[in-house]
Amino acid sequence: MAAIELTAGICERLQNTDNDNDELFSTQPVVQFLSFKRVPPTGGASTMDRYRVIVSDGVNFLQSMLATQLNHLVEEEQVLKHSIAVIEKFTCNLVQGKKLLIILALRVVQKEAEKIGSPAALQPRGGGSGPSIEAETHTPAAVNPAPSTSVAPTTPVAAPPQTVKSQTSRSGRMVTYPIESLSPYMNNWTIKARVAQKTDVRTWSNQKGEGKLFSVTLMDDSGEIRATGFNAAVDALFDRFQEGKVYYISKGKVNLAKKKFNNVNNEYELGLERTTEVVECTDETDVPTVKFNFVTIAGLEGLAKDSLCDIIGIVKDIADVTTFMSKATNREMTKRELTMVDTSGYSVRLTLWGKQAEQFSVAPNSVIAFKSVKVGDFQGRTLSMGSASSFYPDPDIPEAHHLRGWYDATGNEQSYQSHTNTTQSGGGPNFDRAEILSLNEVKTRELGMSDRVDNFSSRATIAHIRSENIAYPACPTCNKKVLPMGDTWRCEKCDTSHPKPEYRYVFSMAVADYSGQAWFQGFNEIGRVVFGMSADELVDIKERDDAKYNQVLDNTIGTTYNFACRARQDNYNDQTRVRYGISRILPLDYHEEATYLANLLLRSEWGR
């Protein structure tokens, strides 16, 4: 195979060029990678790793960073030390005299190769010694992370139409930086970004004074970032930003993100000033689109309370707007609840608040994509729109087209399982894949042997279900056991009689995994999941057809579930034993399980 030639002198040209060199930045240089170093996320900020890379042209080498969307190339070993690649898209940051190359897109042309030449380091511009790249990628000690604020003038100032004067190239084309490349070391920058979400103006008043603020979430092809304006910036810029539109933005401050108020996946945030320049982009080419990272409605069970997620589904039911008095703030609030379903067979309640609830005008059975909605755990799993949330009716994306076809064909006629059906009333511990214990570990750790209740997560397969006393006759009002009395059923607690009881499940089943076996106890909602029917239906089958009843029980054998359980001591016939009660049961979602395992491998040292 013919030897591949590196692009001679590209490192020196990148070191010495200005960012308005259109000819250079439109090239696709061939370089060799000398090393990769994983840079962990800074504390309290982005959770994504980044990779520092040394690139070589055979004569010199240059420090660079991979954009996070290329992380998988290193993690999946698609690119190795000494690999040769074409850099298809890139930009440069000047970090106190040193050029930092940001690689946005690349194509590997030779995965395994020998080192070419003896590349040497380049001298920084002006001969100074800037900080190391490693210092740039960690939390800068000299940067003030506080958001920039401005004092509101007595009379709001209407900002005149602005134009960006300093960020154009020699050819007249706007020079922009990807959001991914922004850092507090940069002073002169312009980004081209879409407004994915815009909050209302919020006010505050405390001992230090009063003020107002608003935020926008900006996104481009490389990532997203939160931008916040205070006081005078609100007057100057709030009306200028419109959701869905694309803008050139410059003359703001890049600060460390305050994660207490900012849940966007970026370690930095922008401070908007009264003098920040915001110009609407009318060029339809290279316009960034909203990116989603969807989870299925069934997959919500694996997400932590208060986490944010993106979902797409069919809005099956739209409730009317309701108002109520908040106990916490003693203020009247407005909400509207939607019922969302998807191909996973689950439904979830999603709540809109305030103006979003009042102005919601999407027709029932439409496809809606939601971005950054908050996960709640009231009666199982719920979703809620917040200040950082947005929704997109009938988006033109493959997932929406797939949902539309599925729902029109079969989805509109099927029934859906609510997350409230996977837990007992009163709630309980959540299932945590990262904390799964084998049945043998549960016993050797002596969970439940102390005076307190121990919670644990397990994955096990049903081996046997006791067929006797699988349900009890209950009062339809209080769920307590009722006793037959003539032609009626008597509830001592309610002091009432009923013509017939409502049967509720209470059953024991042996479950097994690779390490052993244990007996789990399930109650009514657990039984609905295991048997696929109500206790009334199963008791009716038992009374009419014993063979069919046994067949229903046999059909459950061999089914594997994820369990969240409580272990506690119990006394029976003067003997102390441990009972394992099922608090939550989840049918296996093999896509979710495979995704979790794949991510676990990628994050492990072995996977690197």
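Residues numbered from 1 in each chain as written. Predicted model: local features only at pLDDT ≥ 70, side-chain atom pairs only at ≥ 80, totals over all residues. Heavy atoms only, no water.

A.B. asks: An account of the overall build of the chain is requested, with residue identities and associated values reported.
C.D. replies: Counting secondary structure elements, the chain contains twelve helices and 31 strands. For the chain, buried positions account for 47% of its 608 residues. Considering only intrachain contacts with a sequence separation of at least 6, the fraction spanning at least 24 residues in the chain is 66%. A total accessible area of about 31,200 Å² is found for the chain, and carbon and sulfur atoms account for 48% of it. (Helix = DSSP H or I, 4+ residues; strand = E, 2+ residues; numbered from the N terminus. Buried < 20%, exposed > 50% of the residue type's maximum accessible area, 1.4 Å probe, protein only. Contact = heavy atoms within 4.5 Å. Areas by Shrake-Rupley, 256 points an atom, 1.4 Å probe, with all protein chains shown as cover.)

A.B. asks: Give a detailed account of the environment of T322, specifying residues and quantitative values.
C.D. replies: Considering the arrangement of structural elements, one finds T322 in strand β16 (residues 322-325). Counting along the chain gives eleven residues from T322 to M333, while the straight-line C-alpha distance between them is 8.3 Å. Contacts of T322, omitting those with residues within four sequence positions, involve M333, T334 and K335.

A.B. asks: Mind laying out the pattern of salt bridges, listing which residues take part and the relevant values?
C.D. replies: By the definition in use, this model includes 16 salt bridges. A salt bridge links R107 to E88; its shortest N-O distance comes to 3.0 Å. Separated by 19 residues along the polypeptide, R107 in strand β5 (residues 98-110) and E88 in strand β4 (residues 84-95) bring together distant segments of the chain. A relative accessible area of 41% places R107 in the partly exposed class. The exposure class assigned to E88 is partly exposed, which follows from its relative accessible area of 32%. For E277, the salt bridge is made with K251, and the minimal N-O distance between the two is 3.1 Å. On the criterion of sequence distance, the pair formed by E277 in strand β14 (residues 277-280) and K251 in the loop between β11 (246-250) and β12 (253-256) is long-range, its members being 26 residues apart. The exposure class assigned to K251 is partly exposed, which follows from its relative accessible area of 47%. One connected set of salt bridges, linked through shared partners, spans R50, E180 and E267. (Salt bridge = Lys/Arg side-chain N within 4 Å of Asp/Glu carboxyl O.)

A.B. asks: Now, about the pairing of strand β17 (residues 332-341): what can you tell me, with residues and values included?
C.D. replies: The sheet contact formed by strand β15 (residues 308-318) and β17 spans four bridges and is antiparallel. Along β17, the bridge assignment pairs V315 with M340. Sheet topology places β16 next to β17; four bridges connect them, and they run antiparallel. Looking at the pairing, M325 lines up with E332 of β17. Following β17, the chain reverses through four residues before pairing antiparallel with strand β18 (residues 346-353); G345 in that reversal takes a positive phi of roughly 85°. (Pairing = 2+ DSSP bridges.)

A.B. asks: Which residues make up the confidence of the model for the chain, and what values go with them?
C.D. replies: A residue-level look at the chain finds 83% of positions with pLDDT of 70 or above and a mean pLDDT of 81. Here residues 126-167 is a poorly scored stretch, pLDDT under 50, and it has 80 contacts once near neighbours within four places are set aside; other chains count. (pLDDT = per-residue confidence, 0-100.)

A.B. asks: Outline the nonpolar core, supporting the account with residue identities and numerical values.
C.D. replies: Within the largest apolar cluster, 36 residues are counted, with the highest numbers of intra-cluster contacts made by F520, F531 and F563. In terms of residues, this core owes the most to one element, strand β28 (residues 502-513), which gives five residues. Beyond its immediate stretch of four places on either side in the chain, F563 contacts F431, F456, S457, S458, A460, M509, V511, F520, I582, R584 and I585. With 26 residues, the next largest nonpolar core counts V195, F214, I249 and L270 among its residues. (Core = buried A, V, L, I, M, F, W, Y, C linked by side-chain atoms within 4.5 Å.)

A.B. asks: Please set out the packing of aromatic side chains residue by residue, giving values where relevant.
C.D. replies: In total, this model carries 19 aromatic pairs according to the counting rule given. With a centroid separation of 5.6 Å and 50° between ring planes, the pair formed by F360 and F391 is classed as tilted. Of this pair, F360 sits in the loop between α6 (354-359) and β19 (367-376) while F391 sits in strand β21 (residues 390-393); the two residues are 31 residues apart in sequence, bridging distant segments of the chain. By relative accessible area, F360 is classed as buried at 8%. (Phe/Tyr/Trp six-rings, centres within 6.5 Å; stacked < 30°, edge-to-face > 60°.)

A.B. asks: Outline the sheet that holds strand β26 (residues 488-491), supporting the account with residue identities and numerical values.
C.D. replies: Strand order in this open sheet of three strands is β25-β26-β27, and the pairing throughout is antiparallel. Taken across any chain shown, the strands that pair with only one partner, and hence form the sheet edges, are β25 (483-485) and β27 (496-498). Across the sheet, the mean angle separating the axes of adjacent strands is 40° when strand polarity is ignored. Summarising the sheet, β26 and β27 pair through three bridges and their orientation is antiparallel. (Axes fitted to C-alpha atoms, helices over the stretch in contact; angles between N-to-C directions.)

A.B. asks: Could you give an account of the side chain of R194, with specific residues and numbers?
C.D. replies: Take R194: it is sitting in strand β7 (residues 190-198). Of note is the side chain of R194, whose polar atom sits 2.4 Å from the backbone oxygen of G244. (Polar contact = N/O pair within 3.5 Å; in protein donor to acceptor, adjacent residues only side chain to side chain.)

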